[in-house]
Amino acid sequence: MPRSKPLPAELDPSARQLVSRLRRLKDHSELTMRQLAAKTGYSAKSWERYLGGTSLPPREAVEALARITGTDVVPLLALHEIAVDARGDRRTRGRPAAQGQDEQRRVEAESGETGQGEAGRGEKGQGGQREREHESQAAASTTPRPGPEAAAAPAVGVPPRAPEAAPGRLPHIALTAGVAALAVALSAVLLLMLRLDDDAGRAAVTASPRTGAASPPPSYTCRIARVEGRWSAGINNGRNTEIVYGATGADVAEAQCLLRRAGISPGGIDGMFGPLTLRAVKTFQERAGLTVDGMLGPRSWKALRG
């Protein structure tokens, strides 16, 4: 069996525990991704994401895996519920913190610029006052002292001093709003892509038969009996068809029943020639003194039927 890839480091502890238990169930059953998809109704690509820790499996997928492996589903569903709640809390905590940081940075930037602006205006005001004092002194030394009428008359040709403009805050507010809108848009696109991917995986297994939909595997029952001096499980009408690893159907189920009668467990009676059935066939061939090739041919069938 191939070694599983390490789970992502940022995975929540509850989700990591759930995925680890699902991996152990899959490895213990020795099912391939394709067989797992056929038995659960979820695509192999979806199971690769679920068991790789990149996507939290839905509740129905967890129930399906527990059902085909004969495992109690209650502890798995409890872990799944905790993982879902933890993921929701993490998203809720992340958004206010990010908004608070943006607001703090904006206030600090505005405070710094306002302080610089006020300091600059103070220096400018002091410099202007000194210049006006020098001009007044020079004018007083070169011109005669005006009379009362001239002192009362307003200055002619001197424009009024325009008020200085306050520093604007609109660019900073617009920048903060733009960053927040971009973050919301990216989050929405990511969630939409994940939803479409899951829907595509579900649609691949719920399509019509003409598009290759996977139907539920049939169930088989062993009815061991001696028929004309030979053992039969009553499933394939006594056929001795040659079957190999990867085969499916009634012939495989018949062989699984006869292997179990011989005291060798092939796993479940599911009609799928998988790793457990292959190991059981090789064990039987070794005991019977046959060529150990893992193929059920005429000689192996003859030995199985006794």
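What you see is a predicted model, and the numbers here were worked out from it, not measured in a lab.

(A) Spatial organisation of unusual backbone geometry. Of note, the phi angle at Glu30 is positive, near 55°, even though the residue is not glycine. By the element assignment, Glu30 lies in the loop between helix H1 (13–29) and helix H2 (33–40). Unlike most non-glycine residues, Glu228 shows phi in positive territory, near 55°. Considering the arrangement of structural elements, one finds Glu228 in the loop between strand E1 (225–227) and strand E2 (230–232).

(B) Molecular detail of the packing of aromatic side chains. For the structure on display, the rule yields three aromatic pairs. Arranged with centres 6.4 Å apart and planes meeting at 70°, the rings of Tyr42 and Tyr50 form a pair that is edge-to-face. Ring geometry for Tyr245 against Phe273: centres 6.3 Å apart, planes inclined by 75°, an arrangement best described as edge-to-face. Taken together, the residues span a long stretch of sequence, with Tyr245 in the loop between E2 and helix H8 (250–261) and Phe273 in the loop between H8 and helix H9 (275–288) at a distance of 28 residues. Here Tyr245 falls in the partly exposed class, since its relative accessible area comes to 43%. With a relative accessible area of 1%, Phe273 lands in the buried category. Between the NZ or CZ atom of Arg226 and the centre of the ring of Trp231, over which it lies, the distance is 4.8 Å.

(C) Local environment of the confidence of the model for the protein chain. Within the protein chain, residue pLDDT values average 76, and 64% of them lie at 70 or more. The least confident element of the protein chain, judged by mean pLDDT, is helix H6 (residues 148–152) at 43; the most confident is H9 at 95. With pLDDT under 50 throughout, residues 138–144 is counted as low confidence; its partners more than four residues away or in other chains account for zero contacts. In the predicted structure, residues 146–158 sits below a pLDDT of 50 and forms one contact with residues beyond four places in sequence or in another chain.

(D) Main features of H9. Taking 1.5 Å of rise per residue, 14 residues should cover 20 Å, and H9 covers 20 Å from first to last C-alpha, within 8% of that figure. Along H9, the positions that sit buried rather than exposed are Thr277, Ala280, Val281, Phe284 and Gln285. Considered in projection along H9, the buried side chains sweep an arc of 135° and stay on one side of the axis. Of the exposed residues in H9, those oriented more than 90 degrees away from the buried face are Glu286 and Arg287. For H9, the secondary structure elements touched by its buried residues are H8 and helix H10 (298–305). Following H9 by one or two positions, Gly289 adopts a phi angle in the positive range, close to 75°.

Reading guide: rules and limits
Residues numbered from 1 in each chain as written. Predicted model: local features only at pLDDT ≥ 70, side-chain atom pairs only at ≥ 80, totals over all residues. Heavy atoms only, no water. Helix = DSSP H or I, 4+ residues; strand = E, 2+ residues; numbered from the N terminus. Phe/Tyr/Trp six-rings, centres within 6.5 Å; stacked < 30°, edge-to-face > 60°. Buried < 20%, exposed > 50% of the residue type's maximum accessible area, 1.4 Å probe, protein only. Lys NZ or Arg CZ within 6 Å of the ring centre and 35° of its normal. pLDDT = per-residue confidence, 0-100. Contact = heavy atoms within 4.5 Å. Expected span 1.5 Å × (residues − 1). Arc of directions from axis to C-beta.

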